[in-house]
Amino acid sequence: MKSLITRRKSLLVAAGAALALTLSACGGGGTPGGTASEGTAPYKVAENVSLTGSPTFDKIKSDGKIRIGVKQDQPGLGFKDAATGEYSGFDIEIAKWVAASLGFSKDKIEFKPIPSANRESAITNGDIDYYVGTYSITDKRKKQIDFAGPYFITGQGLLVKKDNSTINSEKDLDGKKVCSATGSTPIQNIKANFPKAVPQEFETYSQCVDSLKSGTVDAVTTDQAILIGYAAQDPDNLKVVGEPFTTEKYGVGLTKGDKALRTFINDMFTNGKDTWQKIYDSTLGTSGTKVEQPAVDNY
């Protein structure tokens, strides 16, 4: 796998410019990082879709709408504009691509923001039909739900204040207050493998970033792709340090045992490489990062 960050020195400068456009124009169809309209999106709404053996698909067809769990506070990935109510980002476009492949247009989608700690319960309780939001595939989670994908691979990183010279990598976390979202893979990793760090938890990553800016915590940790977005929002005060120190594989969270839907989405990813690339290039790719679409895991 190629590294997520291939032009490290210039990345945050490029990301700042590109994602500033994202946040100022996230309501426009086809704008970089924005919410593509169905006329400009690289995917089309399928017609007469038949998917035998999927209870999730049967429910969606019966309801006449599709409910997708997402994040709303991750610039470039899953972000909700407070003024327009529009969602934008790489994960949002992946979620819409899945919906379109199942035959559902944008006006039939209900996005439901779900915090990290509540993702499995939202799926198992039937509150959502599937989840797309920086959702790392783990063996522990696969005991409760299924995953299609992975559709993206990144790694855990660190965000600190711009003037911080004491934290340059994960090796510098002893005695430091390190914040992440409750229930997330990164905070579990900090607790398990960095015993001298002081873990701090909030429901959302944006709360961690606010605490970092106020000086309540020393660092924020989550997937580096997410942290790049936050640093790009406020490059004068925040920076990403070090290199990724884990491997995180993002998947689409599904109801346990819905093999038909999992296979359908995996086939969509496998056969839709050009679509995936166009989605990436118009969202996270505007930051200057170069990645390859990963192969799916047909477990």
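On a predicted model such as this, the values are computed, not experimentally measured, just so you know. (Residues numbered from 1 in each chain as written. Predicted model: local features only at pLDDT ≥ 70, side-chain atom pairs only at ≥ 80, totals over all residues. Heavy atoms only, no water.)

Undergrad: How should I be thinking about the overall build of the protein in this particular structure?
TA: Scanning the protein from terminus to terminus reveals 9 helices and 13 strands. In the protein, buried positions account for 54% of the 299 residues. Considering only contacts within the protein whose residues lie at least 6 apart along the sequence, 72% involve residues at least 24 apart. With an accessible surface of roughly 12600 Å², the protein has 48% of that area assigned to carbon and sulfur atoms. (Helix = DSSP H or I, 4+ residues; strand = E, 2+ residues; numbered from the N terminus. Buried < 20%, exposed > 50% of the residue type's maximum accessible area, 1.4 Å probe, protein only. Contact = heavy atoms within 4.5 Å. Areas by Shrake-Rupley, 256 points an atom, 1.4 Å probe, with all protein chains shown as cover.)

Undergrad: Just to check I follow, could you spell out the nonpolar core for this structure?
TA: For soluble globular proteins, nonpolar side chains are generally found buried alongside one another. Counting residues in hydrophobic clusters, the biggest one holds 58 residues, and the most contacted among them are I68, F90, Y130, Y151, F152 and L159. Counting residues per element, this core draws most heavily on helix α3 (residues 90-101), at 8 residues. Those residues in contact with F90 that lie beyond four places of it in its chain are G76, L77, Y151, F152, W276, I279, Y280, T283 and L284. Counting residues in hydrophobic clusters, the runner-up holds 11 residues, among them F194, A197, V241 and F245. (Core = buried A, V, L, I, M, F, W, Y, C linked by side-chain atoms within 4.5 Å.)

Undergrad: It is not clear to me how helix α8 (residues 259-271) should be interpreted in this structure. Could you clarify?
TA: The α-helix winds at 3.6 residues per turn, so residues separated by three or four positions along the chain end up facing the same way. Given a rise of 1.5 Å per residue, 13 residues ought to cover 18 Å, and the 18 Å separating the end C-alpha atoms of α8 matches this to within 8%. On its buried face, α8 is in contact with α2 (55-63), α3, β7 (145-154), β13 (248-255) and α9 (273-282). (Expected span 1.5 Å × (residues − 1).)

Undergrad: What is the right way to look at the packing of aromatic side chains in this model?
TA: Two numbers describe a pair of aromatic rings. These are the distance of the centres and the angle of the planes. In this structure the tally under the stated criterion is 14 aromatic pairs. Plain terms: the ring middles of Y135 and F147 are 5.0 Å apart, the flat faces sit at 70° to each other, and that makes the pair edge-to-face. Residue Y135 is located in the loop between β6 (130-131) and β7, and its partner F147 is located in strand β7; the two are separated by 12 residues in the primary sequence. This pair shows no difference in class: Y135 is buried, exactly as F147 is. Site record: aromatic cluster; members linked through ring pairs are F90, W97, Y151, F152, Y250, F269, W276 and Y280. Taking NZ or CZ as reference, K142 lies 4.0 Å from the ring centre of Y299, over its face. The lysine or arginine in question, R262, covers the ring of Y299, its NZ or CZ lying 4.2 Å from the ring centre. (Phe/Tyr/Trp six-rings, centres within 6.5 Å; stacked < 30°, edge-to-face > 60°. Lys NZ or Arg CZ within 6 Å of the ring centre and 35° of its normal.)

Undergrad: Explain the pattern of salt bridges to me, please; I cannot follow it from the model alone.
TA: Pairing is possible between side chains that carry opposite charge, provided their charged atoms lie close to one another. Evaluated as defined, the whole model comprises 9 salt bridges. A salt bridge links K96 to E93, with the nearest nitrogen and oxygen atoms 3.1 Å apart. With K96 and E93 both in helix α3, this residue pair falls 3 residues apart, about one helical turn. Take K96 and E93: they sit in the same class, and that class is buried. For the salt bridge of K191 with E201, the shortest nitrogen-to-oxygen distance reads 2.6 Å. Pair noted here: K191 is in helix α5 (residues 185-193) and E201 is in strand β10 (residues 198-202), with a separation of 10 residues, a long-range link. Using a relative accessible area of 46% as the deciding quantity, one classes K191 as partly exposed. (Salt bridge = Lys/Arg side-chain N within 4 Å of Asp/Glu carboxyl O.)

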